[in-house]
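Notes for the structure review
Next come the chains, spelled out residue by residue.
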Amino acid sequence: MKASKPPALRPLPLSFYARPTEFVARELIGKLLVRRLPGQAPRVARLVEVEAYLGERDAASHARRGPTPRSAIMFGRPGRLYVYLIYGMHHCMNVVCERQGVAGAVLLRAAEPLTGFDDEPGKAAAGWLRGPGKLCLGMSLTRSDNGLVLVPKAGFYLASDNWTPPAVAVSARVGVEYAGDWAGAPLRFFVSGHPSVSGPRTRGPTG
């Protein structure tokens, strides 16, 4: 697959994340993930699916029991990366939101590969970054990146190229059946019908 010209990037300021988690989640749809590693071409992908987790009041959030060794970062400064391991093998990444002292995070679930994935066959396919574990793998992010500040000099950040998603849909989050009344909360946002979305791909657009 021939590499396309990288889009013009405007890094998101840290103030972008210092807002209510649901607002940030919705506005992250269509934004760009940028990964720069020494000796490699930058990898750029477009976010097409995220989930909001609303801190101590949210029964599906890691912060529901207050600050713990794992969740303390969610109570810290916004614009940091929160990375955890599930099933002992898959990494998942979140961006920390809200003001310091108030927990909130957005799980990045899936993205469309754009540029920088052509060095290995198959990695530019729509499914390569479909799902939170694949997304971390494709962006070469692990627990060692937990706490990383989302700015260009850190080697991983989010950016905008002014692209507007054609239709943003909303649904319940994936795999949170244990969360009681919160299991059905409409906190998953995604580009309706996009082939890179990891969960159900159609639901009424939110406008």
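Before reading further, recall that the structure is shown in the block above.
Residues numbered from 1 in each chain as written. Predicted model: local features only at pLDDT ≥ 70, side-chain atom pairs only at ≥ 80, totals over all residues. Heavy atoms only, no water.

Looking only at helices and strands, the protein has two helices and nine strands in total. Counted from the first residue to the last, the protein has its helices and strands arranged as β-α-β-β-β-β-β-α-β-β-β. At 16 Å, the protein has a C-alpha radius of gyration in line with the 17 Å of a compact globule built from 207 residues. Here the protein holds 207 residues, and the buried ones make up 50% of them. In the protein, of all internal contacts separated by at least 6 residues, the share reaching a separation of at least 24 is 60%. If you sum the accessible surface of the protein, you get close to 9500 Å²; carbon and sulfur atoms cover 56% of it. With 27 positive and 15 negative side-chain charges, the protein shows a separation of 4 Å between the mean positions of the two kinds. (Helix = DSSP H or I, 4+ residues; strand = E, 2+ residues; numbered from the N terminus. Rg over C-alpha atoms; globule rule 2.2 N^0.38 Å. Buried < 20%, exposed > 50% of the residue type's maximum accessible area, 1.4 Å probe, protein only. Contact = heavy atoms within 4.5 Å. Areas by Shrake-Rupley, 256 points an atom, 1.4 Å probe, with all protein chains shown as cover. Lys, Arg positive; Asp, Glu negative; His and termini not counted. Charge placed at Lys NZ, Arg CZ, Asp CG, Glu CD.)

Right, let's get into the nonpolar core. By size, the foremost hydrophobic cluster in this structure holds 42 residues, and its most contacted members are L28, L33, M93, V95, L108, F156 and L158. With five residues, the top contributor of residues to this core is strand β3 (residues 43-53). When residues no more than four places from it in sequence are discounted, the contact partners of F156 are L33, V34, R35, L81, M93, M139, L141, L148, V149, L150 and V151. Counting residues in hydrophobic clusters, the runner-up holds 15 residues, among them A60, A63, F75 and L107. (Core = buried A, V, L, I, M, F, W, Y, C linked by side-chain atoms within 4.5 Å.)

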